[in-house]
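Examining the three-dimensional arrangement
In case you want the letters, here they are:
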Amino acid sequence: MNSNFHTHTTLCRHAVGEMREYVESAIKSNLKKLGFSDHVPYVFKGNYYSYFRMYLNDTEGYVKNVLDLKKEYEKDINIYLGFEMEYYPLHFNDTLKFVKSFSPDYLLLAQHCTKNEYDGVYSGGNKILKEDVLDYVEQVISGMNTGLFSYLAHPDLIAIENNESFYLEQMKRICLRAKELDIPLEFNFLGLMENRRYPSKLFFSLASECGNTIIYGVDAHSPKELERCNYAEEKANDFLAEFNLKRTEKIKLLDGTTV
């Protein structure tokens, strides 16, 4: 493993460690490419604001820190500026306009909530209904269809109890569209190392049947998670050993180049 494009910072208010520490931990793990992709500062109308993302006025400092580190460590590692972003239909265009003004290298699609967040449900919740799954799938596909996202982060975040056939039917829509658009699906190390319900063997069995390409993402919320990424990679390889999945370490940037 020589790259990770899923890295957070303390600006999201649920990660720890200085950005410099993430870079140095990545170098210790022999990574050649590191992408910072903290939770995008979504432009919501009114007074609503998320509890798990940077504030709008944090963005300039975030970008400056990434670019400063990119220059300082250019001989040791390639650093990229990114954001992890949902597809919220009422606010997507305003947020995209704001974010693009900072010229990011790439965007990751991650549908943490359905609808527009404040009027939807958390996708990783325990009381997911059929209509929530349908909203999730429609929004993920709409996000992928924009052509703006380098890959789909933790695609198996959502799950529904006691309805395997419905789950597979809907997740197949995501897998097939990702295959058509050549968008990798992330195998998420954070979920793996914390024994969350994702990564899901059911989902990746389906992805294998659909011929999807996967990418490993550390989803680092602390520098230590980057230091142990080689161990996590071994666990991921064991998890996926029974599936025939093509793996990539490259992503397409917003300017159309591949790194």
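As shown above, the structure is provided for reference.
Right, let's walk through the structure included here. (Residues numbered from 1 in each chain as written. Predicted model: local features only at pLDDT ≥ 70, side-chain atom pairs only at ≥ 80, totals over all residues. Heavy atoms only, no water.)

1. Some points on the packing of helix H4 (residues 130–145) against helix H5 (residues 164–181)
For any two helices packed against each other, the geometry is given by the interaxial angle and the distance between the axes. Where we set the bar: For helices, the axis comes from a line fit to the C-alpha atoms of the stretch in contact; other axes are also lines fit to C-alpha atoms, and the angle between any two N-to-C directions lies between 0 and 180 degrees. Numbering goes from the N terminus for both helices and strands, where a helix is a DSSP run of H or I of at least four residues and a strand is a run of E of at least two. If an angle is under 35 degrees, it is roughly parallel; if it is over 145, roughly antiparallel; if it lies from 65 to 115, roughly perpendicular; otherwise it is oblique. Every residue pair with non-hydrogen atoms within 4.5 Å of one another is taken to be in contact. Each residue gets one of three labels, nonpolar for Ala, Val, Leu, Ile, Met, Phe, Trp, Tyr, Cys and Pro, charged for Asp, Glu, Lys and Arg, and polar for the others, Gly among them.
Their axes nearest at 10 Å, the elements H4 and H5 cross at an angle of 0 degrees. Comparing the axis directions of H4 and H5 gives the class roughly parallel. Within the contact between the two elements, H4 uses Lys130, Val133, Leu134, Tyr136, Val137, Glu138, Val140, Ile141, Met144 and Asn145 and H5 uses Phe166, Gln170, Met171, Arg173, Ile174, Arg177, Ala178 and Leu181. Among the residues making up the contact of H4 with H5, the classes are represented as twelve nonpolar, two polar and four charged.

2. Considering helix H9 (residues 229–239)
For clarity, the cut-off: Burial classes: relative accessible area under 20% of the type maximum marks a residue as buried, over 50% as exposed, and values in between as partly exposed (1.4 Å probe, protein chains only). The directions considered for the arc are those from the helix axis to the C-beta atoms.
Of the residues making up H9, those classed as buried are Cys229, Ala232, Glu233, Ala236 and Phe239. What you see down the axis of H9 is that its buried residues fit within an arc of 115 degrees, all on one side. Opposite the packed face of H9, turned more than 90 degrees from it, sit the exposed residues Glu234 and Asp238. Turning to H9, the residues buried within the fold contact strand E6 (185–188), helix H6 (189–193), helix H7 (201–210), strand E7 (213–217), helix H8 (223–227) and strand E8 (246–247).

3. Focus on the pairing of strand E4 (residues 106–109)
To be explicit about the condition: In this analysis, strands are considered paired if DSSP registers two or more bridges between them. Orient the strands so they point away from the viewer; a crossover is then right-handed if the path from the first strand over the helix to the second runs clockwise.
Taking every second residue as pointing to the same face, both faces of E4 are buried, with Tyr106 and Leu108 on one and Leu107 and Leu109 on the other. Judged from the four bridges that link them, strand E3 (residues 78–85) and E4 form a sheet pairing that is parallel. Residue pairing for E4: Gly82 is matched across the bridge by Tyr106. In this fold, E3 hands off to helix H3 (residues 92–100), which returns the chain to E4; that crossover is right-handed. Each parallel crossover has a hand, and the one from E4 via H4 to strand E5 (residues 151–152) is right-handed.

4. Quick notes on the packing of aromatic side chains
Formally: Each Phe, Tyr or Trp ring (for Trp, its six-membered ring) is paired with any other whose centre lies within 6.5 Å, and the angle between the two planes then decides the class: stacked below 30 degrees, edge-to-face above 60, tilted in between. Whether a charge lies above a ring is judged from NZ of Lys or CZ of Arg, which has to be within 6 Å of the ring centre and within 35 degrees of the ring normal.
Summed over all chains, the structure comprises 21 aromatic pairs. Each member of the aromatic cluster is reached from another via a ring pair, and the members are Phe187, Phe189, Phe203, Phe204, Tyr216 and Phe239. Above the ring of Phe166, the side-chain terminus of Lys130 is found at 5.1 Å from the ring centroid. Sitting over the face of the ring of Phe239, Lys201 holds its NZ or CZ atom 5.1 Å from the ring centroid.

5. Digging into H7
To keep it simple, the criterion reads: Polar contact criterion, stated in full: a pair of N or O atoms within 3.5 Å, where within protein one must be able to donate a hydrogen and the other to accept it, and residues adjacent in sequence count only if both atoms are side-chain atoms.
Listed in full, the buried residues belonging to H7 are Phe203, Phe204, Leu206, Ala207, Ser208 and Cys210. On its buried side, H7 packs onto H5, E6 and E7. Where H7 starts, the residue carrying a side-chain oxygen 3.2 Å from the main-chain nitrogen of Leu202 turns out to be Ser200.

6. A short note on the environment of Ala15
With respect to the helices and strands, the residue Ala15 is situated in the loop between strand E1 (3–4) and helix H1 (19–28). The exposure class of Ala15 is buried, given its relative accessible area of 9%. Once residues lying within four places of it in the same chain are set aside, the contact partners of Ala15 are His8, Thr9, Thr10, Tyr22 and His221.

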